[in-house]
Every structure is written in C-alpha cells, then in structure tokens.
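Single-letter residue listing:
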Amino acid sequence: MTQTTPRDPDVEPEAARYSADPPSPEASGPAAPPPPVTARDRVFAAADALLADDEPVTVSTVRERAGCSNATATTHLRAWREARAAAEADAARLPELPRSVELLVERGVAGLWGAAVRAAREEHTAQATRKDEDLATAREDADRLARALDTARDERDDARAALSRLRDQTSDRVQSLTERLAQADDERTRAADAAHRSAGQVDELRETLQQLRSQAEELRRDLAAAVAARTDAAEQRAEARAAAEARQDALDEARSALESVRADHRRAEDERSSLVAELAAARATAERSAAEVGSLREELAAARSRAEEAVHETAVQTAARARAEGELAGVRAASTPAEGS
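Let us look at the structure shown here. (Residues numbered from 1 in each chain as written. Predicted model: local features only at pLDDT ≥ 70, side-chain atom pairs only at ≥ 80, totals over all residues. Heavy atoms only, no water.)

### Focus on the nonpolar core
Part 1: Counting residues in each nonpolar core, the largest one holds 14 residues, and the members touching the most others are Ala 47, Val 57, Val 62, Leu 77 and Trp 80.
Part 2: Of all the secondary-structure elements, those providing two or more residues to this core are helix 2 (39-52), helix 3 (59-66) and helix 4 (70-92).
Part 3: Not counting residues within four places of it along the chain, the set of residues in contact with Val 62 comprises Val 43, Ala 46, Ala 47, Leu 50, Val 57, Gly 67, Ala 73 and Leu 77.
Part 4: Judged by nonpolar contacts, the second largest core, of 6 residues, contains Ala 159, Leu 166, Val 293 and Leu 296. (Core = buried A, V, L, I, M, F, W, Y, C linked by side-chain atoms within 4.5 Å. Buried < 20%, exposed > 50% of the residue type's maximum accessible area, 1.4 Å probe, protein only. Helix = DSSP H or I, 4+ residues; strand = E, 2+ residues; numbered from the N terminus. Contact = heavy atoms within 4.5 Å.)

### Re a negative patch on the surface
Part 1: A surface patch of like charges, here negative, comprises Asp 186, Glu 187, Asp 270 and Glu 271.
Part 2: Among the secondary structure elements, those contributing two or more residues to the negative patch are helix 5 (99-229) and helix 6 (234-340).
Part 3: As for its position among the elements, Asp 270 is in helix 6. (Patch = residues over 30% accessible without salt bridge, like charges linked within 9 Å, V, L, I, M, F, W, Y side chains within 5 Å. Areas by Shrake-Rupley, 256 points an atom, 1.4 Å probe, with all protein chains shown as cover. Salt bridge = Lys/Arg side-chain N within 4 Å of Asp/Glu carboxyl O. Lys, Arg positive; Asp, Glu negative; His and termini not counted. Charge placed at Lys NZ, Arg CZ, Asp CG, Glu CD.)

### Concerning the packing of helix 3 against helix 4
Part 1: Running from N to C, helix 3 and helix 4 cross one another at 110°; their axes reach a closest spacing of 9 Å. Taken together, the axis directions place helix 3 and helix 4 in an arrangement best described as roughly perpendicular. Of the two elements, helix 3 crosses helix 4, and the hand of that crossing is right-handed. Along the contact surface, helix 3 presents Val 59, Val 62 and Arg 63, while helix 4 presents Asn 70, Ala 73, Thr 74 and Leu 77.
Part 2: Tallied by class, residues from the contact of helix 3 with helix 4 come to 4 nonpolar, 2 polar and 1 charged. (Axes fitted to C-alpha atoms, helices over the stretch in contact; angles between N-to-C directions. Parallel < 35°, antiparallel > 145°, perpendicular 65-115°, else oblique. Left-handed = near helix turned anticlockwise from the far one by under 90°. Nonpolar A, V, L, I, M, F, W, Y, C, P; charged D, E, K, R; others polar.)

### Regarding the side chain of Thr 170
Part 1: Within the secondary structure, Thr 170 is located in helix 5.
Part 2: Taking the relative accessible area as the measure of exposure, Thr 170 reaches 18% and is therefore buried.
Part 3: Apart from residues no more than four positions distant in its own chain, Thr 170 is found in contact with Ser 289 and Val 293.

### Section: unusual backbone geometry
Part 1: One non-glycine residue, Asp 54, lies in positive phi territory at about 60°.
Part 2: Within the element layout of this structure, Asp 54 appears in the loop between helix 2 and helix 3.
Part 3: Take Asp 54: its relative accessible area is 71%, and that puts it in the exposed class.

### A short note on the packing of helix 2 against helix 4
Each pair of packed helices can be described by the angle between their axes along with the distance between the axes.
Part 1: Packing of helix 2 against helix 4 leaves a shortest axis separation of 9 Å and a crossing angle of 60°. Looking at the two axes, helix 2 sits oblique to helix 4. Crossing of helix 2 against helix 4: the hand is right-handed. Residue-level inspection shows Ala 39, Arg 40, Val 43, Phe 44, Ala 47, Asp 48 and Leu 51 of helix 2 in contact with helix 4, the latter providing Thr 72, Ala 73, His 76, Leu 77, Ala 79, Trp 80, Ala 83 and Arg 84.

The structure is reproduced here in structure tokens:
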C-alpha cells in the first residue's frame, strides 16, 4: 500500500498523475482529460504524451509538441520532472517490513537491487559517453566548417585584392596607351606639317629650278648671240662658260635638295605606319585586359558561392549540436532521480 503525504497546492495536480510505473496508454482510463489551457498544463500534457509514446522527453520535443518557447518549456519541464520524481518517491514508500521477513529477503533483495543499480549506472554511463562523443564530433565538424569558412573568406579577399590590382594595372596601361596614342597623333600631325612644308619647299625648288632653266636658256641665247656676233673674245666665252657652270652647280644643288625632301617624306610615311601598328597592338592589349577582368569576376562569384555553402553547413551543424546538447541535458536530468532513489 502507498502512504499518503501532505498535499502541495502547486505539485499535487501534476504529481497525482504518476504512479510507481510510467503511465501508458493501456493503464489510462477510457475518459480523456480536459484539454490544457495554460502553458504549464500544455507542457505537462506534452511530457506525459512523449513518455507514453516511449519518446525522449527533452526541451526541444516538449516545445514542439506543446507549442511554446524554449524558456517556457525549460521551466515547466523542470517542474514536471520534480513532480514525477515526487510521485515516484511517494509510490516507493512502503511500510516497514517485519524483522523476520526482512531477514529472509534482505540478502536476495540487496543482491538484486545492487545488480539493478550497477546495470542502470553502466547503461547511463554508456549513454553519456555516446552523447559526449556525438557532441565532440559535432563540435569538430563545426570547427572544420568554421575553418572552411575562414579559408573561403581569405580566398574571397585574395580575389578582391587581385581584381583591384588588375584594375589598377589596366587603368595604368590604358592611361599609358592613351598618352602614347596622343603622342602618336602629335607626331603624325608634326609629320604632316613637315610633309606640307616639304611640299612647299619642293614647289619653291621647282620654281627656282624653272628660273634657273630660264636663266640657262637666256644664257644659251646670249651665248648663241655672242657666238653669232663674234664680237666677244675668248674672255667673254670664258665668263659665259663660268656662268653656265655656276648655273649647272645651282641646278645640281636644287636636285639634291629635292631628293632630300623626298627622303624626309618617305621617313614620315614610315613613322606613321609604325604608329598605326603600335595603336593596333595597344587596342589588342586592352581587349585582353578586359577578358582577364571578366575571368577574375567569375572566380570571385565562385568564391562567394563557396562561402555561402560553408555558412549554410555551419548553420546546419550548429543546429545539430544544439539538438545533441538538449538531448544530453534531457538524459542527464532523467537519470538523476534514478541514481538518487
């Protein structure tokens, strides 16, 4: 038989629900209890249902079934365990055995009780060890994911730095090419001006050559007139020859100047062709730089994707660790009354 104890107004309504054995669907009566209306009643009802279904009674499972917060589930689940322990303690109180009966069963009961306690402690130790191992594994996975996230962040920072350096290099290269192109335009303008001036000089030399030819023609006519007239002596013929030679020398110099102008014009054309080739090479280099920038952008997008996957894995592992810690706390709390009884 069970001894009666003074009623506690806060514990008795819940403690009265329990007997020496855990409640089960078969032991409960056909009449269903009224639906709970308070958070405490919902937590107690959820814990009773989980225990009846042979499911772990933890903060997370009670919170999901009772539809309350973690803080509410933790507070009322602690009261539920205390009430259950009190009910089991009340059910375990038996009247003192007579000395004769006690002497008969003391040895056998003590042996059975010791074996049961050792078995329960060994099972609890094994379960706690497994929970500790699972928790350590979850922590190692979380640390690994954290290191992977740090690595991804470092790769992202390196990619950003490389992209920044490439942008700076590309900007410097474009600026240098722009300056060289401006210099090429200036040189081309100067070459065109030089060619224009050379063309003007050629025209002037042509006019001079024409004048020299006219003068030579006049000298020939004068010489012919002198020869026809034969009024001049050998001195006049010598002077005429000297003048003709001077005019010939002037004509030779004019021809040499014309060849020099033509050579300058050819050099200007060669320089213009070289500048055009350099401009084409500069444009090709700029296009390659643009392609390198696009490739680096794709690498940066891949690095960001890997970082997001690492963050997601970290969140999943953190949730798994939280569930493992909750289950470990539930197991430890559930095993505490058994050890103390």
